Structures are given as structure tokens and as C-alpha cells.
Amino acid sequence: MASTRTSFVHPTVDLAVLGAGVMGLVTALTARRAGLSVAVFDRAADFTAGAGWRSGGMLAPECEAEVSSPSVVALGRRSMALWPALADVALNGTLVVAPPRDPAALARFARVTASHRAADAAAVADLESAFEGRFRQGLFYPTEGHLDPRATLTALLARLRDDGVPVTFAWTGTPEDLPAATLVDARGLGARDRLPMLRGVKGEMALIRSRDVTLTRPVRLLHHRHPLYVVPRADGVFMIGATTVESDDGDTVSVRSAGELLTQAYALHPAFGEADILEFNAGLRPAMPDNEPVIRRFGRTLAVNGLYRHGWLLAPALAETVVAVAIHDTEPEAACASS
Ligand SMILES: Cc1cc2nc3c(=O)[nH]c(=O)nc-3n(C[C@H](O)[C@H](O)[C@H](O)COP(=O)(O)OP(=O)(O)OC[C@H]3O[C@@H](n4cnc5c(N)ncnc54)[C@H](O)[C@@H]3O)c2cc1C
């Protein structure tokens with residue numbers, strides 16, 4: 001499919017991807033593997049500007065059903081099948097616990113989600129020995145997984161470059177000038193010129209390091225006001241998150257949010273009280289008014305956006321659709337093009 005025509009800016013490609021975030025890189029790799037020639041362009045100097053850099057990396061289609069539509073859950077389940085071919089993902093499931101004084105929270109969460117099994121105190125300790133004697137019951141979601149977002153962005157970039165895909169950061173060009181058959185606009189909140197209804201939903205997080213706690217999977221602590229999740233990374237590092245604030249003001253973390261995150265982490269395991277704080281950070285999740293993802297066509301451009309709080313979860317399934325639409329020159333399906 002690759003054209004041989006060249007231009008001053010860049011050789012003509014089948015697919016030019018705007019945005020080297022989660023969605024852009026996964027789309028580029030999916031397209032390359034489908035045999036397309038691809039190039040990626042990002043206006044930022046590196047990955048640190050995107051929402052993905054500050055994210056948790058949970059791949060949790062079942063738990064997300066608590067706050068998501070059935071179509072998001074279905075896309076997430078499809079992505080779970082696609083991720084292992086794209087990057088290193090840990091498929092150890094998710095453990096959900098609640099404060100011992102609030103067993104009703106677990107019952108409610110079990111009602112609104114699927115594909116879980118109840119865990120008594122012994123099963124909780126069996127899954128995560130750090131919780132021995134701490135929780136009388138929990139819910140285990142065996143089909144879920146997680147990844148390290150920063151390591152994964154770096155690995156995706158390396159894979160693309162190994163596959164001969166040029167990825168340009170600090171790009172200052174104009175999309176209209178890109179010599180490509182199809183443009184994929186995966187700019188997240190940077191695409192508000194094309195999708196003015198996009199909004200940012202702020203998420204505040206922290207990275208801590210503890211040598212006293214070991215977890216093998218994401219753990220969610222239910223709470224009516226301050227739910228928390230903890231995602232393990234290498235070298236004793238844990239991502240703890242995340243607030244959901246209707247705000248377009250990213251980057252800064254409020255004292256209140258920082259206090260809540262740390263207090264809840266301490267409630268999950270007292271040893272987190274001795275952990276080192278490595279980083280506080282905040283990101284803006286790109287969201288449409290109904291919090292559903294969209295794929296929309298604008299001439300030769302396919303805009304894919306609104307990944308909200310599920311960017312890692314949804315990217316492979318959305319990329320699969322985007323690439324199929326680009327190859328067959330069809331219209332995006334109504335399910336993804338709504339809102
Ligand atoms: C605190 C927090 C925790 C999260 N946890 C999870 C989680 O556990 N699991 C999960 O699935 N999701 C999670 N998310 C959501 C996920 O991070 C987002 O849905 C995802 O990053 C959106 O991907 P994106 O590629 O559309 O946008 P982004 O990741 O924001 O990437 C957009 C890219 O486009 C580039 N760009 C912008 N403007 C231009 C331009 N004009 N030209 C070229 N490039 C441009 C940017 O520099 C950036 O690299 C979390 C988000 C936050 C904030």
C-alpha cells in the first residue's frame with residue numbers, strides 16, 4: 001500500500017498519526033502491523049505532556065462497568081485480547097476491597113460488575129499476602145490486568161522505530177500539509193479545534209516507594225467519597241490515584257487531594273505510611289460530554305478521542321476500528337461515532 005511519491009516534508013505515507021500519546025502510538029503500531037506505511041507527529045518534546053504519562057495503567061473492563069456503558073466494557077474486553085501482542089502487560093487480575101465497617105460497598109460493587117468471584121479473608125491473603133489479617137472479604141476480577149504507562153509508551157516508541165516508523169516530537173508543522181492518504185487525529189485535548197465539545201477531567205495521582213509492601217496486581221479500595229486504587233510498578237514503586245475533578249486546570253495537585261490520596265493509601269496498608277513520596281502529578285483526561293469514545297471522519301482525517309478514564313483500556317480496540325476504516329475507506333460505525 002505504501003506510495004513511493006516523496007515530498008519535501010516527508011515521504012508520503014498511508015497513515016499519518018497526530019499525537020504520540022496512548023491512542024496515537026497504539027494506532028500507529030496496529031496500522032504498521034496491518035501493512036500500512038505510517039508516520040507519527042507530536043508537538044510536545046516528549047511523552048510527559050500527555051494524560052497517559054500520569055495515568056494508572058489499569059486494564060479493568062469489568063471494574064470500570066461501575067461507571068461505564070456496556071459499549072465501553074465491550075471495547076475494553078476486546079482490548080484485553082489485543083494487548084499481549086502489542087506490549088508487556090501483567091494479567092494478574094484486580095482485587096477490590098472495602099473498609100471492614102462497610103461490607104455493603106462490596107455487595108453494591110459486585111452487583112454492578114461482572115466476571116468476579118468473592119474472596120474471603122484467606123483468599124484475599126492468598127492473592128496478596130500483604131493483606132493477611134487486614135480484610136475479611138474482597139472481590140477478585142481474574143481477567144483484568146495492568147501495565148506501566150511510562151515503560152509502555154517508551155516500549156511502543158521503540159517498537160515503532162524498529163519497524164521503520166518515523167516518530168517526530170517537537171513537531172511544528174501543519175496537519176493539512178502532511179502528505180498522507182489518511183490522517184489520524186489522536187491529539188487528546190489538543191484536538192479541541194476539531195472537537196470543541198471535548199473537556200478535560202482532572203485526575204490527581206502520586207508515585208510512592210515502599211520496601212515494606214508487595215502487591216502483584218492493582219487493588220481498589222472502595223469508599224463512598226474517596227475511592228482509591230494502587231497500581232504496583234517495578235522497584236517497590238506504586239501509583240496511587242486518582243481523583244476525578246471536573247476541571248480543565250491540569251498539572252497541580254491540591255493539598256486536600258494529596259491528603260486524601262495519602263490517607264486512603266495508609267488505610268489500605270499502614271506500611272504505606274512509611275513510604276517515600278516520589279511524585280505528585282495531575283493529568284487531564286480527554287472526555288466527550290457523555291464520556292464515550294468517538295471516531296469521526298472529517299474528510300481524509302479520522303479523529304479518535306474522548307478516551308476519558310479508559311485510554312489504556314480502550315486504545316487497542318479503537319485502533320483496530322480506526323485502521324479497518326482507513327484501509328477499507330468506510331465510515332466509522334455509529335456506536336463509536338455518536339455523542
Ligand atoms: C490520573 C489519571 C489516571 C488514569 N488512569 C488510567 C488507567 O488506569 N487506565 C486507563 O485505561 N486509562 C487511565 N487514564 C486515562 C488515560 O490516561 C487517557 O484516557 C489517555 O491518556 C488518553 O489518550 P490520548 O492518546 O487520547 O491522549 P493523551 O494521552 O493526552 O495524548 C495526546 C498526545 O497528543 C499530543 N498533541 C496534542 N496536541 C497536538 C498537536 N497539535 N499536534 C500533535 N500532537 C499533539 C500530546 O502532546 C500528547 O502526546 C488515566 C488518566 C489520568 C489523568
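None of the values given here were measured: they were computed from a predicted structure.

As for the site of the ligand
Near the ligand, the surroundings consist of 34 residues, among which Asp 42, Met 58, Tyr 308, Trp 312 and Leu 313 are the closest. Within the contact set of the ligand, a nitrogen atom lies 3.2 Å away from a backbone nitrogen or oxygen of Arg 309. In this structure, Leu 313 approaches the ligand through a main-chain N or O atom, which is 2.9 Å from an oxygen atom. For the ligand, the accessible surface in isolation is 1,000 Å², of which the surrounding protein chains cover 94%. For the shell around the ligand, the secondary structure elements donating two or more residues are helix H1 (22-33), strand E14 (276-287) and helix H7 (311-328). Partitioning the shell around the ligand into residue classes produces 15 nonpolar, 13 polar and six charged.

Considering helix H5 (residues 149-162)
For H5, which comprises 14 residues, the first-to-last C-alpha distance of 20 Å matches the rise-based estimate of 20 Å (1.5 Å per residue) to within 8%. Within H5, the full set of buried residues consists of Pro 149, Arg 150, Thr 152, Leu 153, Leu 156, Leu 157 and Leu 160. Within H5, the buried residues cover an arc of 170 degrees as seen down the axis, which keeps them to one side. Elements in contact with the buried residues of H5: H1, strand E8 (167-168), strand E10 (199-209), E14 and H7.

Details of the packing of aromatic side chains
How two aromatic rings sit relative to each other is given by the distance of their centres and the angle of their planes. Summed over the entire model, instances satisfying the criterion amount to seven aromatic pairs. Measuring from centroid to centroid gives 5.3 Å for Phe 47 and Phe 169, while their planes differ by 90 degrees, and the two rings are edge-to-face. In this pair, Phe 47 sits in the loop between strand E2 (38-41) and strand E3 (58-59) while Phe 169 sits in the loop between E8 and strand E9 (180-185), placing the two residues 122 residues apart along the sequence. The same class applies to Phe 47 as to Phe 169, namely buried. Summarising the aromatic geometry, the rings of Trp 83 and Trp 312 are spaced 6.0 Å apart at their centres and angled 35 degrees between planes, so their arrangement reads as tilted.

A closer look at the sheet that holds strand E16 (residues 301-305)
Within a sheet, each strand pairs with its neighbour through backbone hydrogen bonds, oriented either parallel or antiparallel. One open sheet accounts for six strands, arranged E8-E2-E1-E9-E16-E15; its pairing is mixed. Sheet topology places E8 and strand E15 (294-298) at the edges, where each strand pairs with a single neighbour. One ladder, built from five bridges, connects E15 with E16; its direction is antiparallel. Each residue of the ladder has a partner; that of Arg 297, found in E16, is Leu 302.

Section: the environment of Ala 282
In this structure, Ala 282 sits in strand E14. Along the chain, Ala 282 and Thr 214 lie 68 residues apart, while their C-alpha atoms are 25 Å from each other. Those residues in contact with Ala 282 that sit more than four places away from it in its chain are Arg 54, Lys 202, Gly 203, Glu 204, Gly 250, Asp 251, Thr 252 and Val 253.

Brief notes about the packing of H1 against H7
When two helices pack together, their arrangement is given by the angle between their axes and by how far apart the axes lie. Look at H1 against H7: their axes get within 8 Å of each other, and the N-to-C directions meet at 40 degrees. One element, H1, and the other, H7, form an angle in the oblique class. Crossing angle aside, the handedness with which H1 passes H7 is right-handed. Contacts between H1 and H7 involve Val 22, Met 23, Val 26, Thr 27, Thr 30 and Ala 31 from the former and Gly 311, Trp 312, Ala 315, Pro 316, Leu 318, Ala 319, Glu 320, Val 322 and Val 323 from the latter. Split by residue class, the contact of H1 with H7 holds 11 nonpolar, three polar and one charged.

Regarding the domain arrangement of the protein chain
Structurally, the protein chain comprises domain 1 (13-54 + 148-197 + 290-337) and domain 2 (94-142 + 199-287). Inter-centroid distance (C-alpha atoms) of domain 1 to domain 2 is 29 Å. Across the contact, 15 residues belong to domain 1 and 19 residues belong to domain 2. With both chains or domains summed, domain 1 and domain 2 bury close to 1,400 Å², and 50% of this area falls on carbon and sulfur atoms. At the junction of domain 1 and domain 2, the tally comes to two salt bridges. Close ionic contact of Arg 150 with Glu 279 constitutes a salt bridge, the shortest N to O distance being 2.7 Å. The tally of links between domain 1 and domain 2 comes to eight residue pairs in polar contact (both at pLDDT 80 or more). Partitioning the side of domain 1 that touches domain 2 into residue classes produces six nonpolar, four polar and five charged.

Parameters at a glance
Residues numbered from 1 in each chain as written. Predicted model: local features only at pLDDT ≥ 70, side-chain atom pairs only at ≥ 80, totals over all residues. Heavy atoms only, no water. Near = heavy atom within 4 Å. Polar contact = N/O pair within 3.5 Å; in protein donor to acceptor, adjacent residues only side chain to side chain. Areas by Shrake-Rupley, 256 points an atom, 1.4 Å probe, with all protein chains shown as cover. Helix = DSSP H or I, 4+ residues; strand = E, 2+ residues; numbered from the N terminus. Nonpolar A, V, L, I, M, F, W, Y, C, P; charged D, E, K, R; others polar. Expected span 1.5 Å × (residues − 1). Buried < 20%, exposed > 50% of the residue type's maximum accessible area, 1.4 Å probe, protein only. Arc of directions from axis to C-beta. Contact = heavy atoms within 4.5 Å. Phe/Tyr/Trp six-rings, centres within 6.5 Å; stacked < 30°, edge-to-face > 60°. Pairing = 2+ DSSP bridges. Axes fitted to C-alpha atoms, helices over the stretch in contact; angles between N-to-C directions. Parallel < 35°, antiparallel > 145°, perpendicular 65-115°, else oblique. Left-handed = near helix turned anticlockwise from the far one by under 90°. Domains from an automatic or database assignment. Buried area = accessible area lost by both parts, 1.4 Å probe. Salt bridge = Lys/Arg side-chain N within 4 Å of Asp/Glu carboxyl O.

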